[in-house]
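One-letter residues, chain by chain:
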Amino acid sequence: MQILDGKALSKKIEAEVAEGVKKLKSETSRVPGLAVILVGNDPASHAYVGMKKKACDRVGFYSVTHEMPETISQEAIEQTIDMMNKNPNIDGILIQLPLPKHIDTTRLLEIVAPQKDVDGFHPYNVGRLATGLDGFVPCTPLGVMELFKEYNIDLKGKDAVVVGASDIVGKPMAALLLNANATVTVTHIYTKDLAAHTRSADIVLVGAGVINLIKEDMVKDGAIVIDIGINRNEEGRLVGDVDFENVSRKCSYITPVPGGVGPMTIAILLKNTLKAAQANS
Ligand code: NAD
């Protein structure tokens, strides 16, 4: 069994991005800029934004966080997005999700300029991904693809089962795997017999947010298991959706939590923002 080390690969990508920033600065006298919109007091959202800000600092980006109270109006957020769309120092706009219930998230994602949509959530970029065209791809699933590339895992013809079908994880993950010529099954909460699907898979990718959802008897010998889940267990420890201890014994490759897909997400956000800045310069 080999661990897919997202921590190591993310450091490598960060170093490449930092090089790219230096080059851009020397050629254009500008650095990539990322604007983050953070609404409310959710501790997890604040922690994620904090990590993203530190990563921006490490690679030499300009970054700004627009912190807004839980009670902020839809209109006020839209005005901020509009301002960021027009700001030439901002290359990427990120709306930290989830947003409070009174906010229309879909509408906000749709008004971000597609060329600044470094999270890849705008329908324009979703459509480009679905048709296999270049665009911005959501950071977490693209991070998984980078891990496959780093470890020379060929996806062509492989049976891949994606567990979880959200717009930010499962659906774009499935689109990327399909574009790489894997045979893809997408499962979700209403799937009748999850184990029947995962047991026959060469690759199981799970992002459901359920501790220990994938157990030893649900994967075949030699399977590749990608754990996208991030949960806190009863002791407050970060764990994924896979029973790592028992499942890892059967795998050819597996991602740990923490240290697997998580760090890749931030590394790809940096990569996407640099890409936006290069295109805007
Ligand atoms: P979500 O709640 O939007 O979607 C969860 C999906 O899982 C849904 O499609 C649902 O139908 C499915 N699901 C839930 N329970 C299931 C079950 N018992 N069997 C089969 N399918 C089930 O969540 P999300 O935003 O997609 O996040 C999923 C997980 O991935 C969470 O743990 C989240 O913290 C994690 N996540 C990690 C990263 C990262 O950087 N590694 C990024 C985003 C999300």
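For the structure itself, look to the data block above.
Residues numbered from 1 in each chain as written. Predicted model: local features only at pLDDT ≥ 70, side-chain atom pairs only at ≥ 80, totals over all residues. Heavy atoms only, no water.

**Student:** Before we go on, may I ask you to explain the site of the ligand in this structure?
**Tutor:** If you check the shell around the ligand, you find 22 residues, and the closest are Ala 165, Ser 166, Ile 189, Ile 228 and Thr 265. Here a nitrogen atom of the ligand and a backbone polar atom of Ile 228 are 3.3 Å apart. A distance of 3.0 Å is found between an oxygen atom of the ligand and a backbone nitrogen or oxygen belonging to Ile 230. Protein chains shield 72% of the accessible area of the ligand, which is 860 Å² for the free molecule. (Near = heavy atom within 4 Å. Polar contact = N/O pair within 3.5 Å; in protein donor to acceptor, adjacent residues only side chain to side chain. Areas by Shrake-Rupley, 256 points an atom, 1.4 Å probe, with all protein chains shown as cover.)

**Student:** Teacher, can you tell me more about the pattern of salt bridges here?
**Tutor:** A side chain with one charge may pair with a side chain of the opposite charge, provided their charged atoms come close. One pass over the full model with this rule turns up 13 salt bridges. Note that Glu 150 is salt-bridged to Lys 12, the shortest N-O span being 2.8 Å. Within this pair, whereas Glu 150 is found in helix α6 (residues 139-150), its partner Lys 12 is found in helix α1 (residues 6-28), the two being separated by 138 residues in sequence. Across the salt bridge formed by Lys 220 and Asp 202, the nearest N and O atoms sit 2.7 Å from each other. One end of the pair, Lys 220, is in the loop between β7 (203-206) and β8 (224-227); the other, Asp 202, is in the loop between α8 (194-199) and β7, with 18 residues separating them in the sequence. (Salt bridge = Lys/Arg side-chain N within 4 Å of Asp/Glu carboxyl O. Helix = DSSP H or I, 4+ residues; strand = E, 2+ residues; numbered from the N terminus.)

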